[in-house]
Amino acid sequence: MSTRSALPIYLVLLLIVCLLSLRFGAVEVAWSDVFNITSETPNANTQVILDYRLPRTVAAIVIGSYLALSGLVFQTVLRNPLADPTMFGVSGGAAFAVVAAMSLAIYLFPVGESLQVATSYLPMAVVPVIALVGSLSATALVFWLAWDRGFSPLRLVLIGVVLAAVLNGIVMAMVLTLSETRTELAILWLAGSLYARDFSNVLPALPWGVAAISAIVILSPQLSALRFDPQTAASMGVATRTLAPVLLGIAACLAASAVSIAGPIGFVGLIVPHLARLIARPTIAAQILSCLFIGAILVVASDTVGRAVAAPLEVPVGIVTSLLGAPVFAFLIRAQAKRI
Amino acid sequence: MSAENVVRAGGVPVALLISLLAAIALAGVGASLSIGAVGTSFTDALGYLWHDDGSNAAFSVRELRLPRVLCALGVGAALALSGALIQTVTRNPLGDPGLTGVSGGAAFGVALCLTLLSQSAGAIVLSGIAGGFLAATLTFLIAGRPNLQPSRLILAGVAVSIFFIAATSAVMILSRSSMQTLYYWMIGGFINRDWVEWVMFWPWAVAGTIAAFALSPALRMLTFEDSMAASMGLNATRWRLVAGSVSVILAASAVAVAGPIAFVGFVAPHLARLCLGARHAVMWLWLCVSTLFGMAVVIWADTIARAFFSGRAPAGVIITIIGGIAFLVLMRSARRFKG
Amino acid sequence: MKILTYAIAAGFACTTAFADSYPVTINDGRAVEVTLEQKPETVAALWAAAADLLVALDTPVLGVTTYEGKMPVYLGEKLNGALDYGDITAPNLELLSTSKPDLTIGLTRYNAPYSDEIEAIGQFLTFDGFSFEQSMASVSEMGRALGRDADVAAMNRDYIALINDYAARAPKEQKEAVFIWSFHDTLYGYRENLTTADIIKQAGTSNPLGRAEQLESADDAFVVLEAEDLLAIDPDVIFMFISHGGAAKFNAAYERLKAYKAGQIYSVGYQYSQPSGPIAREMILREVAHLVYPETFEKPDMPDTARATQVEFAK
């Protein structure tokens, strides 16, 4: 499928899932409300759509496209179809930082001894910042641990996976021991949720993301060369040893800003590049475009399902993407293995 | 070089190493048997093992502490052996029940059973094992040939693990259970485990352990190239399957008792390899020392959890933190992980 | 003339009281000062104790949250019209906003992090109820916010009087009672600092887990109990809140406990998990006193769905 013919299809699909996302949720609204959100006479239903569903839909688009593109870069640079930035310390670092901050909220954000018992809470507004710092620190730690007179992509990914496992273990330990009463909020965040996210959560992630996406697009010829083995890439005039870590670093930042919005959301970075390779032409430009759209479509759809399936309860979007993503992933990998 | 020669070769004498590890594990057993809310001295505690005077102290030692000690030893041994088997079968130094998805799958099986089917001990262990097999199968299907690329297996395992943890969370949410219950269970530990757990666990653990040691000659062959193993008359694929199944049974039954305790399956075999040096090539010896390491780590973690954290931090928390750091140190220092 | 003076004085007192009552400034659990310009007509209760107080004041409850999918059933039929906002840790904002509350009352530890979102809907207050004193203070403050300070002060006074009455009537020989929150394998024992344990103590029992003197935070007032700890303290009565629903996990040690032999291990209702409201605290006090000292205290009148039952163990 050529890029030119794919673009309208992606746009239509994205529009459809966005409309579904605006239509379904705990409060029953009519299709006419969805189409009237821009009208000058808002009613209660259009207000719900504007206040809660639209920001979440936008957040889902941003998160999905960031994670998917970041996954594409990881898989291309590492030449490994199983690589995923969120398995790579990005999620683990964010989770560690957020849970540590929740546990230490009593020291970081004391609100005094109102009504006799010292109380404190972690305002959700500061969570994205803390998550970003955590995931970038973890990424830096992975690079530092993997440094051995240069970077080997394989060593990077192994260290990343192991560090993620260690951080996740420590996070669980903290959730259990440091603060019984804040556990539930930590668990909600750790599952990857868009609950109560609004534009103020999304905006800070935009400059980062746009910069990282631009950098990846600018570097796409080099990224394209990195698909081949290092000798071939070198013969094409690409300095693998410096470029590979730079691209991985940019992709990790992109994933980190996505994780900072909603917490760790699994499988998007893993499966979307596969779907993109399956559907799009084998050029990097076509794959980048496909990843951005398919990622957005997947996360918007998952959040809609999570909100609508058990209302007024919510299944966090990260759980839905994992449940939807894993079987698709298994199927794709098998299909690919057979083709090779 | 015959096995006996290797055993006698330099480094720490094997007999000393084994007796030292056994002594550490036994000291843990002694401490664990004599510490508790119902006060007992060390000698009293040992006395109650043989003589039941009907007191609460005797009951605590015989009915509460003893099964818990046995569970801790069994889980340590099962996880260590399972890790050693996975590392051998996949020829992957990162083999671990957690990193190959087996623990996650077993946890899912147990959670599904607890919330939807039945709370009976037998059903729990069976569904744990079924979940472990499902996860292992998925991991190997996704990874393709297991000895192809170590990172492929681990990435596939982590993906399977994430999937099963998400599925477990979804089961908990939709059945209106508290996620905290799940977390407490997911970190692993031995709080309030008694004879019920031991009875459902020991047949699997003992059978798995015997099978693992019985397999050690074949395992030795599996460390060679498949073509070489074939020239020695060994169907490598079949033995891989057998050894893999044993490792799944060991890990999954351990998870059904104690929850998915992390890193023991990775750290114990590596510590054994470090202490044994070249002699780790003697398969039964390596398995034996790994088992002892696993037992010692888990029994002491549980003893420390009970003595110093009064149950607030389950054994799994202590193992995760210490094991995780050991994991990273080993990764940083080991040259064989270079790509 | 004299009568007229009284009437004028009374009328004056009345108007001043009315004029004084709003605006009301509340310093809530977030240490935020919230000024209510007028009496809130529609109130959403994210915290069960707020719903409890609204019912006690015979005021309609706009909506409540659930814990593990359970509604505060002990409040009975008066909750029938109330909306279900979903889980207490993540109340559904769409439902909350379309129900148009003038005032939303939440629990600090769960709902305060989402202050910005909830304040966009209407006025927002949060409280906590870890200790009994904190619960009483929270109830008074909520009463002030609702413009019913006098009624709520009277409720608190009546409750204190009730405690004193129970203390006077309870047998001099105190029985030991423990409250346990059960999470499958893990049993959390409550020390006296926590509201539920404090109310159980007010029913003339003693708590073998005692009081935590140096309390850094409310988390320190839990004790993780192993079967052996139960053997060591061996209380006369055990009240167990089984948080995951279904049956409690059996342990052989129970058979050696006085409470088990006497058939006095009870599975208790929702109100024990959120005991701060005026209805919950009185219901707990009366039920506990009756179950521990049946000769002295009569069986209380309460909804059957909220009543304690003998615990069923899964064997």
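Heads up: these notes are all about the structure in this document. Only a predicted model underlies this, so the values are computations on that prediction, with no experimental measurement involved.

**Topic: the sheet that holds strand S4 (residues 63–66) of chain C**
Within a sheet, neighbouring strands are paired by backbone hydrogen bonds and run either parallel or antiparallel to one another. Residue and element names in this part refer to chain C. Pairing in this open sheet of five strands is parallel, and the strands run S5-S4-S3-S6-S7 from one edge to the other. Because the sheet does not close on itself, it has two edges, and the strands there are strand S5 (83–87) and strand S7 (123–127). Looking at each pair of strands side by side, their axes are set apart by 20 degrees on average, direction ignored. Bridge count for strand S3 (residues 43–45) against S4 is two bridges, and the pairing is parallel. Within S4, the position partnered with Ala45 by the bridge is Val64. Across the face of the sheet, helix H2 (residues 48–56) comes into contact with S3, S4 and strand S6 (103–107) while running at roughly 135 degrees to S3. Sheet strands in contact with helix H6 (residues 132–145) are S6 and S7, and its direction is about 165 degrees off that of S7.

**Observations concerning the pattern of salt bridges**
It is possible for side chains bearing opposite charge to pair when their charged atoms get close. Within this structure, the stated rule accounts for 23 salt bridges over all chains. For the salt bridge of Glu119 of chain C with Arg30 of chain C, the shortest nitrogen-to-oxygen distance reads 2.9 Å. Note that Glu119 of chain C is positioned in helix H5 (residues 115–119) and Arg30 of chain C in the loop between strand S1 (24–27) and strand S2 (33–36), a separation of 89 residues in sequence. By sharing partners, the salt bridges in this structure join Arg53, Arg56, Asp303, Arg307 and Glu314 of chain A together with Glu94 of chain C into a single network.

**Description of the environment of Trp202 of chain B**
Residues and elements named next belong to chain B. If you trace the backbone, Trp202 turns up in helix H9 (residues 195–214). Relative accessible area serves as the criterion here: at 40%, Trp202 is assigned to the partly exposed category. With 52 residues separating them in the primary sequence, Trp202 and Ala254 have C-alpha atoms 9.6 Å apart.

**Examining the pairing of strand S9 (residues 186–190) of chain C**
Residues and elements named next belong to chain C. Of all five residues that make up S9, five are buried, and the element is covered over most of its length. Here S9 shows a buried face lined by Thr186, Tyr188 and Tyr190 and a second buried face lined by Leu187 and Gly189. In this structure, strand S8 (residues 175–183) lies alongside S9, joined through four bridges in antiparallel fashion. Residue pairing across strands places Ser182 opposite Leu187, the latter belonging to S9. Between S8 and S9, which follow one another and run antiparallel, lie two residues, and His184 among them has a positive phi close to 50 degrees. Bridging between S9 and strand S11 (residues 222–225) involves four bridges; their strand directions are antiparallel. When the bridges of S11 are listed, Gly189 appears paired with Val223.

**Quick look at the pairing of S7 of chain C**
All names here are of chain C. Most of S7 is tucked away: four of the five residues are buried. Looking at chain direction, S6 and S7 are connected through five bridges and run parallel. Following the sheet pairing, Leu107 is matched in S7 by Phe127.

**A closer look at the interface of chain A and chain B**
Contact with chain A, which involves 48 residues of that partner, is made by 44 residues of chain B. Summing both sides of the interface, chain A and chain B together bury roughly 4300 Å²; the carbon and sulfur share of this comes to 78%. Run the count over chain A and chain B and you get zero salt bridges. At the surface where chain A touches chain B, the tally comes to zero residue pairs in polar contact (both at pLDDT 80 or more).

**Structural notes on the nonpolar core**
Among the nonpolar cores identified, the biggest contains 337 residues, and Val75 and Phe190 of chain B together with Val61, Met142, Phe239 and Tyr254 of chain C are the most heavily contacted of them. Ranked by the residues each element gives to this core, the list is headed by helix H4 (residues 56–89) of chain B, at 17 residues. Apart from residues lying up to four places away in sequence, Phe190 of chain B is in contact with Arg68, Cys71, Ala72, Val75, Ala258, Ile261, Val298, Asp302 and Ala315 of chain B. Ranked by size, the runner-up nonpolar core spans six residues in total, among them Ala191, Val315 and Ile319 of chain A together with Ala170 of chain B.

Basis of the calculations
Residues numbered from 1 in each chain as written. Chains lettered and ligands numbered in written order. Predicted model: local features only at pLDDT ≥ 70, side-chain atom pairs only at ≥ 80, totals over all residues. Heavy atoms only, no water. Pairing = 2+ DSSP bridges. Helix = DSSP H or I, 4+ residues; strand = E, 2+ residues; numbered from the N terminus. Axes fitted to C-alpha atoms, helices over the stretch in contact; angles between N-to-C directions. Contact = heavy atoms within 4.5 Å. Salt bridge = Lys/Arg side-chain N within 4 Å of Asp/Glu carboxyl O. Buried < 20%, exposed > 50% of the residue type's maximum accessible area, 1.4 Å probe, protein only. Buried area = accessible area lost by both parts, 1.4 Å probe. Polar contact = N/O pair within 3.5 Å; in protein donor to acceptor, adjacent residues only side chain to side chain. Core = buried A, V, L, I, M, F, W, Y, C linked by side-chain atoms within 4.5 Å.

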